[in-house]
Every structure is written in structure tokens, then in C-alpha cells.
Amino acid sequence: MPGLNDYLTWRGDLSFAQDPFGPVDGLLLSTLAYHHFAQCADPPQGVGIPFYQAAEQILSQPPERLRVFASGKRDAKLLEKTAQSPRFRDQMLWASQEVLDFNRQIQFAAITLQLDYGAVVVFRGTDNTLVGWKEDFNLGFLDTLPGQWLARDYLEQTAAYLRGPLWVCGHSKGGNLAVFAASQASLAVQNRIVAVYNQDGPGFCRWVIDLPGYQAILPRIETFVPQFSVIGMLLEHEEPYTVVKSRGMGLMQHDPYAWEIRGNDFVRLQQVSNASRVIDSTMRRWLAGLTTTQREEFVDGLYELLAASNAKTLEELANPKKIAAIWRQYTQKDKEKRKQMGRVLRRLAQSAAWAVREQGKQGNKSLPEG
């Protein structure tokens with residue numbers, strides 16, 4: 001079951017002249033973008049440093065700073081192996097940027113890697129901060145997010161310093177940012193974009209999709225989702241998507257380390273699983289049954305409960321004291337607000353039951369889950 005590390009073993013000795021930049025390279029960089037490059041190697045715009053030097057600074061940090069998804073050792077190994085590969089070692093890292101703004105509810109980071117014949121702009125997905133997840137949930141009731149406009153500005157500013165073709169990519173929320181930035185960029189920048197690689201990132205509201213900029217970049221958007229996709233199926237997509245075989249279980253298929261690779265391409269499947277379609281139908285029906293105000297009140301209410309614990313990350317929520325603080329906040333909530341949250345959750349359960357029934361009527365028409 002080969003993955004990203006195997007890809008570097010197979011293809012890491014090939015230059016981009018020998019094997020052009022492609023979707024697997026995009027997933028690799030999107031995975032590495034979760035590292036804190038801006039804090040360890042922060043080249044200003046107009047000045048770049050070799051990727052291997054930035055990696056050395058990252059790897060010199062304490063182990064807890066290397067935790068990107070679940071295993072600091074796993075993340076460190078991938079970064080070290082990438083930095084040692086002739087394919088990436090001497091490419092120049094530019095304009096690392098990171099923003100964490102609790103008041104504006106923004107969790108944003110991006111890096112740019114200059115290739116021999118162009119540049120790749122990479123946006124980070126959701127990290128383990130509560131504000132990062134709150135920003136994701138805001139997609140349920142806002143047309144656009146402040147972080148999306150930051151992504152557009154970053155793409156414009158970075159493109160001004162670099163010549164040649166551009167690739168834009170990101171995993172999870174980073175994929176959403178990549179598509180939005182490319183769709184709202186100036187015509188001059190859009191004309192330089194070869195492809196936008198969206199790796200299991202959520203979609204948009206209809207208002208964004210109908211914008212001329214989105215329609216202009218649409219033919220160059222390449223979306224990839226695992227066979228059990230949840231995040232990548234959310235909201236509206238107009239582009240076709242490619243299903244990638246993932247060895248993860250359930251939601252862990254979202255983890256890029258679980259995506260299977262053969263040669264310089266993903267192992268592709270024909271369609272997503274039945275379970276993925278059930279969840280997609282559930283979420284669409286649930287959201288369609290709520291007004292924008294109800295969505296906002298539910299998301300804000302849930303975030304208020306979690307924030308009452310003073311936890312900053314998901315890991316901190318596991319502390320018994322944090323859980324107790326959340327429960328106290330819930331019991332102190334206005335009775336009517338508690339009822340409102342309960343009604344929204346009941347609608348979610350009803351939507352799930354409906355989706356399961358509908359899928360059962362259609363029968364099992366999908367491929368076996370990988």
C-alpha cells in the first residue's frame with residue numbers, strides 16, 4: 001500500500017524537467033505545509049531560501065512542534081526525506097506566512113515553492129486549533145471567509161515576485177483556499193495558472209460558484225477525494241472529482257498519508273463509497289432544512305461551549321477539567337437556546353435516517369470500499 005514516502009523513494013531522484021509537477025507533488029507539498037515554516041524559516045517576499053535549509057530549521061525544533069496530523073515522527077520523516085530528495089532539495093522556499101486570529105476567526109498559512117520553471121503556491125488545511133475548526137463551520141452560513149480573501153491576496157502578492165507558470169494547491173480547507181484564491185485572482189494571475197489541485201477540500205456556496213472568476217478557472221480545477229469522503233463533499237462543487245484509494249478507516253481516509261500512490265499518480269477508483277454518499281445526502285438535507293440564522297446560532301453556540309474551557313487545541317479538550325467547564329457552560333445556557341441546539345441536532349438525526357433509507361432503496365451500486 002504505497003504512499004507519499006514511497007513516492008519519494010521512486011520519483012525523488014527525478015528533476016521537474018524529467019517528470020513535470022503533478023497532483024502527487026501537490027499532495028506532498030500540501031501535507032508539508034502543515035509544518036510551521038513561517039516561525040522557523042520566514043523568508044520575506046522577494047527573498048527565498050533552499051527548501052533543505054528551511055527543513056533543517058523545522059527539524060531542529062522540539063518534537064511537539066513537528067506534530068502535524070497524528071505522529072511527529074511520521075511528519076518529521078516525510079519532511080526530512082523530501083529535503084534530501086534531488087527533486088525538492090534545492091527548490092527555493094518563498095514568502096512563508098501564518099495567521100492565527102481568534103477575534104476574526106482566521107487560521108491561515110501558506111508557502112510558495114519556486115520550481116525550475118514556475119512556482120507552486122500551497123495553502124495549509126485546518127490544524128488542531130479550535131479557531132481553525134470554527135472557521136470551517138463558518139462556511140455553513142457565510143458566503144466567504146476572511147481567510148479566503150487572505151489567500152487571494154497572498155496569491156496575488158507572491159505571483160508578483162515570481163515569473164512563469166503557477167500551480168495552486170491545498171489539502172482539506174487548504175484546497176478550498178486554493179480554489180477560492182485562484183478564482184478571485186486577477187486575470188493576469190489566472191492566465192498563468194496551470195492547475196489548481198484541491199485535495200478533499202470543501203466546496204462553496206452557489207454565490208461563489210456563479211462568479212465569473214470561478215467559472216473562468218473551473219476547467220483547471222482538479223479535485224481529489226478518498227472513497228469515503230466527508231469534508232471534500234461538503235457544499236457545492238461544479239468540477240468533476242477523482243476518487244483516490246485510501247487505506248484509512250472512516251474519516252481517517254481524509255489523512256493524506258493514507259492515500260495510495262502508484263508511480264507518479266494516485267491509485268484511482270470509479271466512485272465514492274455508499275457511506276460517503278449517505279453522509280453527503282445527510283449534510284445537504286440537514287443544511288437545506290435550516291435557515292442561515294439557525295446555522296449561525298448553532299455554530300456560534302457550539303463554539304461558545306468549547307471556548308468556555310479556555311482550550312486552544314482539540315487535544316486540550318480531552319482534559320477532564322476542560323470537559324467539566326464545557327458542561328458548566330452548557331447548563332448555564334438559556335433554556336430556550338439549549339432547546340434550539342437540541343432541535344438542530346434532532347434534524348441532523350432525521351436527515352441521517354432519511355439518507356440511509358434512500359440509499360437502501362437504490363441498492364448497493366458502488367464498488368467495495370478499499
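Provided above is the structure to which this section pertains.
Let me begin by describing the structure that accompanies this report. Predicted model, so just to flag it, every value in this text is computed and none were measured.

1. Regarding the overall build of the chain
Along the chain, the regular secondary structure elements total 15 helices and 11 strands. Taking all 370 residues of the chain together, the buried fraction comes to 51%. Sequence separation of at least 24 residues holds for 73% of the intrachain contacts in the chain that already meet a minimum separation of 6. Carbon and sulfur atoms provide 54% of the accessible area of the chain, an area that totals close to 16,600 Å².

2. Side note on the packing of aromatic side chains
In total, this model carries 15 aromatic pairs according to the counting rule given. Arranged with centres 6.0 Å apart and planes meeting at 40°, the rings of Phe16 and Phe21 form a pair that is tilted. Here the two residues Phe16 and Phe21 agree in accessibility, since each one is buried. Grouping aromatic residues by their ring pairs yields a cluster made of Phe16, Phe21, Phe88, Tyr117, Trp167, Tyr197, Phe224, Trp259 and Phe266. Sitting over the ring of Tyr52, Arg89 keeps its end group 4.0 Å from the ring centre.

3. Comments concerning helix 1 (residues 4-11)
All of the buried residues along helix 1 are Leu4, Asn5, Tyr7 and Leu8. Looking straight down helix 1, one finds its buried side chains confined to an arc of 155°; they lie on one side.

4. Some thoughts on the pattern of salt bridges
On inspection of all chains with the given rule, the structure shows 9 salt bridges. In this structure, Lys173 and Glu135 form a salt bridge, with 2.5 Å as the shortest nitrogen-oxygen distance. One end of the pair, Lys173, is in helix 8 (residues 173-184); the other, Glu135, is in helix 6 (residues 130-138), with 38 residues separating them in the sequence. Across this residue pair, the class does not change: Lys173 and Glu135 are buried.

5. Some points on the pairing of strand 7 (residues 221-226)
Counting buried positions over the 6 residues of strand 7 gives 5, a clear majority of the element. Of the strand pairs in this sheet, strand 6 (residues 193-199) and strand 7 are connected by 4 bridges, and their pairing is parallel. Across the sheet, residue Val196 finds its bridge partner in strand 7, namely Ile221. Examined bridge by bridge, strand 7 and strand 8 (residues 241-244) share 4 bridges and lie parallel to one another. Within the sheet, the bridge partner assigned to Val225 lies in strand 8 and is Val243.

6. Things to note about the sheet that holds strand 7
On the basis of which strands lie adjacent, the open sheet formed by 9 strands has the order 1-2-3-4-5-6-7-8-11 and mixed pairing. Two strands lie at the open edges of the sheet, namely strand 1 (48-50) and strand 11 (268-269), each paired on one side alone. Across 5 bridges, strand 4 (residues 118-123) lies against strand 5 (residues 166-171) in parallel orientation. Residue pairing for strand 5: Val121 is matched across the bridge by Val168. Helix 2 (residues 23-32) contacts strand 3 (106-115), strand 4, strand 5, strand 6 and strand 7 of the sheet and is inclined by roughly 60° relative to strand 6.

Each value, and the rule that gives it
- Residues numbered from 1 in each chain as written.
- Predicted model: local features only at pLDDT ≥ 70, side-chain atom pairs only at ≥ 80, totals over all residues.
- Heavy atoms only, no water.
- Helix = DSSP H or I, 4+ residues; strand = E, 2+ residues; numbered from the N terminus.
- Buried < 20%, exposed > 50% of the residue type's maximum accessible area, 1.4 Å probe, protein only.
- Contact = heavy atoms within 4.5 Å.
- Areas by Shrake-Rupley, 256 points an atom, 1.4 Å probe, with all protein chains shown as cover.
- Phe/Tyr/Trp six-rings, centres within 6.5 Å; stacked < 30°, edge-to-face > 60°.
- Lys NZ or Arg CZ within 6 Å of the ring centre and 35° of its normal.
- Arc of directions from axis to C-beta.
- Salt bridge = Lys/Arg side-chain N within 4 Å of Asp/Glu carboxyl O.
- Pairing = 2+ DSSP bridges.
- Axes fitted to C-alpha atoms, helices over the stretch in contact; angles between N-to-C directions.

None of this, on its own, says anything about what the molecule does.
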